[in-house]
Amino acid sequence: MSKCLVLFVEGETEVEFYKQVIANARKKRENGTLDINIECKNVPGVGGFKNIALRKFTKEIKPKYGEDCQFVVALCRDTDVFEISPKPPVKWDEVERDMYDAGASEVIHVCAKRSIEDWFLCDIEGIKAFLRLSKKTKVSGRTGYEKLKNLYKSVNKMYYKGMRSNGMISKLDIDKIVDSVKDQLYPLYVVLGVELPKKKTK
């Protein structure tokens, strides 16, 4: 039986980033290959998880791989919208149930604490190098998104959440980021059959 991992993400930046994460996981495998087909689909904005994701899964992914394929669906998202909102825009248990009803054999949640920009900032040196900023450049902002936006602004560029990064993602040290947020990426690496070293406990 063939197996397919379907990642649903919140923007083009995320599509770029998760493709790099998958490439990183492939490198970590002994034989350099992954025993699973992979699809990475953008569902713009968090609301897209409610209907666009399900539609893409049933109309695009399933017909492509057929009924005898085993599907693992990964819902990849930021948590900031849900941490501050008393009425979260998406009920994840409902999204999960819909995916199971539509034929998923497993549904995992990959949650970037606060935002994916906080993940990117784990390689602040890479971002500064990409923007040709001095290593001593101070980083200001309350959230990861604000910090990244301000760094871009300092070189008269704009950072748009969810839009293509115009080269930034390819300059990031993915190993460094994965190591920093391995607890959050763990469910994804399990599906990919890659063991991440445990964080050392004191």
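Worth saying up front: this structure is predicted, and the values here are computed from it rather than measured.

A. Examining the overall build of the protein chain more closely. A count of helices and strands for the protein chain gives ten helices and four strands. Its helices and strands taken in sequence order, the protein chain reads β-α-β-α-β-α-α-β-α-α-α-α-α-α from the N to the C terminus. Relative to the globule expectation of 17 Å for 202 residues, the C-alpha radius of gyration of the protein chain, 18 Å, shows essentially globular dimensions. Each of the three principal axes of the protein chain carries a C-alpha extent, and together these read 55 × 45 × 35 Å. Counting over 202 residues, the protein chain shows a buried share of 47%. Partitioning the contacts of the protein chain with sequence separation of at least 6, the portion at a separation of at least 24 is 73%.

B. Representation of the nonpolar core in the model. Leu7, Phe17, Tyr18, Trp119, Phe120 and Leu185 are the most contacted members of the largest nonpolar core, which has 45 residues in total. Counting residues per element, this core draws most heavily on helix H1 (residues 12–28), which supplies six residues. Phe8, Ala53, Val73 and Val107 belong to the second-largest nonpolar core, a separate cluster that totals 21 residues.

C. Fine view of the sheet that holds strand E3 (residues 70–78). Spatial strand order, E2-E1-E3-E4: four strands in an open sheet with parallel pairing. Here the strands that pair on one side only, and so sit at the sheet edges, are strand E2 (37–42) and strand E4 (106–112). On average, each strand axis in the sheet is tilted by 20° relative to the strand beside it, whichever way the strands run. Set on the sheet, helix H2 (residues 48–65) makes contact with strand E1 (3–9), E2 and E3; between it and E1 the angle comes to about 155°. Running at roughly 145° to E4, helix H10 (residues 182–191) makes contact with E1, E3 and E4 of the sheet.

D. Representation of the pattern of salt bridges. Within the structure shown, the criterion is met by 13 salt bridges. Of the charged contacts, one joins Arg114 and Asp118 as a salt bridge, the two residues approaching to 3.8 Å between their closest N and O atoms. Under the relative-accessibility criterion, Arg114 is labelled partly exposed at 48%. For Asp118, a relative accessible area of 18% translates into the label buried. The salt bridge involving Glu146 is made with Arg142; its shortest N-O contact spans 3.6 Å. Residue classification places Arg142 among the exposed residues on the basis of a relative accessible area of 68%. A single network of salt bridges, built from pairs that share partners, joins Asp78, Glu117 and Lys161.

About the cut-offs
Residues numbered from 1 in each chain as written. Predicted model: local features only at pLDDT ≥ 70, side-chain atom pairs only at ≥ 80, totals over all residues. Heavy atoms only, no water. Helix = DSSP H or I, 4+ residues; strand = E, 2+ residues; numbered from the N terminus. Rg over C-alpha atoms; globule rule 2.2 N^0.38 Å. Buried < 20%, exposed > 50% of the residue type's maximum accessible area, 1.4 Å probe, protein only. Contact = heavy atoms within 4.5 Å. Core = buried A, V, L, I, M, F, W, Y, C linked by side-chain atoms within 4.5 Å. Pairing = 2+ DSSP bridges. Axes fitted to C-alpha atoms, helices over the stretch in contact; angles between N-to-C directions. Salt bridge = Lys/Arg side-chain N within 4 Å of Asp/Glu carboxyl O.

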